[in-house]
Amino acid sequence: MRGQLILIEGLDRSGKSTQAGLLTERLAQAHSSQLYKFPDRSTPIGALINKYLTDSSFQLDDHSAHLLFSANRWELYTELLQALNDGKFVVLDRYIYSGIAYSLAKSSLKHASSELGDVDWLYSPDKGLPKPDLTLFLSLSIEELGKRKGWGQERYELEQFQKEVKSCFLRILDPSKDSTVHLVNVEGKSIHEVQQVIWDVVVEAGCDK
Ligand code: DGP
Ligand code: NA
Ligand code: NA
C-alpha cells in the first residue's frame with residue numbers, strides 16, 4: 001500500500017524544519033517514515049541553489065532560479081516515489097508551494113505569471129510531481145519571525161520580502177478550495193504545542209494510517 005505524503009510549509013524561521021522532524025519521528029512509531037527537505041543542498045543542483053541563497057554576489061535570472069528549485073525537486077523524484085510505493089510515510093519540509101510563493105513574491109515573476117494567465121508558468125515545471133495528501137502551512141506574524149534566531153542570513157530573509165511571500169502562500173494555499181490544505185497558527189505556541197496541533201490535523205485527516 002502507498003504511504004502518505006505530508007507536507008509542512010511556512011516562512012523562513014517558522015519552525016517547519018523542527019516540526020517536520022518531530023512529525024517524522026512520531027509517524028515512525030507505527031510506520032516506516034522518511035523526511036525530505038527542499039531545497040536539498042546536497043545534490044548537484046542543490047549546490048548551485050546553496051550558492052544562490054548564501055552568496056549575494058552570485059546572480060541568477062529569477063526565471064532560472066525558479067526552474068532550478070523545481071529541478072532540485074525532480075532530482076529526488078524517483079527516490080521519493082519509490083519510498084511512497086514501498087509504503088513509507090514521507091514528510092516534506094517545503095515543496096511545490098514554496099516554489100510558487102517565493103517566486104510569485106518577486107515583481108519580475110508576477111509579470112511573467114500574469115502574462116501567461118495567472119500562475120500557470122510558475123506551476124508548470126512542478127507538474128507531474130506527486131501531490132501531497134496533506135499540506136500544513138505554519139502561520140505566524142512577521143514581527144514574531146523577525147525576533148527568531150538566525151534571521152537575516154540568506155537571500156530571502158528580509159522583512160518586506162517575507163511579508164510578500166506570506167501573502168503569496170495564503171493566496172495559493174486556500175483550505176476553502178482544497179481540503180488537503182490546513183493553516184496552522186503557531187503564533188506564541190511552544191514547539192510541543194505546535195507538534196500536538198499538527199498531530200491532531202494529521203489524525204483528523206486520516207494521514208496517520
Ligand atoms: P530553507 O532551507 O527551508 O531555509 O530554504 C532556503 C530558502 O529558499 C528559503 O528562503 C526559502 C527558499 N525556497 C525554498 N524553496 C524554494 C523554491 O522552490 N523556490 C524559491 N524561489 N525559493 C525557495
Ligand atoms: Na532559510
Ligand atoms: Na528550515
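Refer to the structure above for everything that follows.
Every value quoted in this text rests on a predicted model; they were computed, and no experiment measured them.

A. Representation of helix α4 (residues 77-85) in the model. Within α4, burial applies to Leu80, Ala83 and Leu84. Projected onto a plane normal to the axis of α4, the buried residues spread over an arc of 100° and lie on a single side. Downstream of α4 by a residue or two, glycine 87 has a phi angle that is positive, lying close to 90°.

B. Quick peek at the packing of helix α5 (residues 96-104) against helix α9 (residues 159-172). The interhelical angle for the contact between α5 and α9, taken along N-to-C directions, is 130°, at an axis separation of 8 Å. The angle between α5 and α9 places the two elements in the oblique class. Here the hand of the crossing between α5 and α9 comes out right-handed. In contact with Tyr97, Ser98, Ile100, Ala101, Tyr102 and Leu104 of α5, α9 contributes Phe161, Gln162, Val165, Cys168, Phe169, Arg171 and Ile172. When grouped by side-chain class, the residues that make up the contact of α5 with α9 number 10 nonpolar, two polar and one charged.

C. Looking closely at the coordination of the sodium ion (ligand 3). Every protein donor of the sodium ion (ligand 3) is listed here as Lys16 (NZ) and Ser17 (OG), and their distances to the metal cover 2.5 to 3.0 Å. In this structure, the sodium ion (ligand 3) lies 5.3 Å away from the sodium ion (ligand 2).

D. Representation of the nonpolar core in the model. Core analysis: the largest hydrophobic core is formed by 60 residues, its most contacted members being Leu23, Leu92 and Phe169. Ranked by the residues each element gives to this core, the list is headed by α5, at six residues. When residues no more than four places from it in sequence are discounted, the contact partners of leucine 92 are Leu5, Ile6, Leu7, Ile8, Tyr36, Phe38 and Leu80.

E. Here's a closer look at the site of ligand 1. In the neighbourhood of ligand 1, 15 residues make up the surrounding shell, with Asp12, Lys37, Arg73, Arg94 and Gly99 lying closest. Here arginine 73 contributes a side-chain N or O atom positioned 2.8 Å from an oxygen atom of ligand 1. Contributing elements (two or more residues each) for the shell around ligand 1: α3 (62-75) and α5. Tallying contributions element by element places α5 first for the shell around ligand 1, with four residues. Considered class by class, the residues forming the shell around ligand 1 number five nonpolar, three polar and seven charged.

F. Fine view of the side chain of aspartate 93. With respect to the helices and strands, the residue aspartate 93 is situated in strand β3 (residues 89-93). For aspartate 93, a relative accessible area of 2% translates into the label buried. Within the local environment of aspartate 93, its side chain forms a polar contact with the side chain of serine 17, the two groups lying 2.6 Å apart.

G. Spatial organisation of the packing of helix α1 (residues 16-28) against helix α10 (residues 191-204). With their axes 10 Å apart at the nearest point, α1 and α10 run at an angle of 55° to one another. With respect to their mutual orientation, α1 and α10 come out oblique. Viewed along their axes, α1 and α10 form a crossing whose handedness is right-handed. Contacts from Thr18, Gln19, Leu22, Leu23, Arg26 and Leu27 in α1 reach Ile191, Val194, Gln195, Gln196, Ile198, Trp199 and Val202 in α10. Across the contact of α1 with α10, the residue classes break down as eight nonpolar, four polar and one charged.

H. Structural context of the pairing of strand β1 (residues 5-10). Burial runs high along β1: six of the six residues are buried. Residues Leu5, Leu7 and Glu9 line one face of β1 and the alternating positions Ile6, Ile8 and Gly10 line the opposite face, and both faces are buried. As paired elements, β1 and strand β4 (residues 134-139) share five bridges and run parallel to each other. Following the sheet pairing, isoleucine 8 is matched in β4 by leucine 136.

Conventions adopted
- Residues numbered from 1 in each chain as written.
- Chains lettered and ligands numbered in written order.
- Predicted model: local features only at pLDDT ≥ 70, side-chain atom pairs only at ≥ 80, totals over all residues.
- Heavy atoms only, no water.
- Buried < 20%, exposed > 50% of the residue type's maximum accessible area, 1.4 Å probe, protein only.
- Helix = DSSP H or I, 4+ residues; strand = E, 2+ residues; numbered from the N terminus.
- Arc of directions from axis to C-beta.
- Axes fitted to C-alpha atoms, helices over the stretch in contact; angles between N-to-C directions.
- Parallel < 35°, antiparallel > 145°, perpendicular 65-115°, else oblique.
- Left-handed = near helix turned anticlockwise from the far one by under 90°.
- Contact = heavy atoms within 4.5 Å.
- Nonpolar A, V, L, I, M, F, W, Y, C, P; charged D, E, K, R; others polar.
- Donors = N, O, S within 2.8 Å, 3.2 Å for Na, K, Ca; no water.
- Core = buried A, V, L, I, M, F, W, Y, C linked by side-chain atoms within 4.5 Å.
- Near = heavy atom within 4 Å.
- Polar contact = N/O pair within 3.5 Å; in protein donor to acceptor, adjacent residues only side chain to side chain.
- Pairing = 2+ DSSP bridges.

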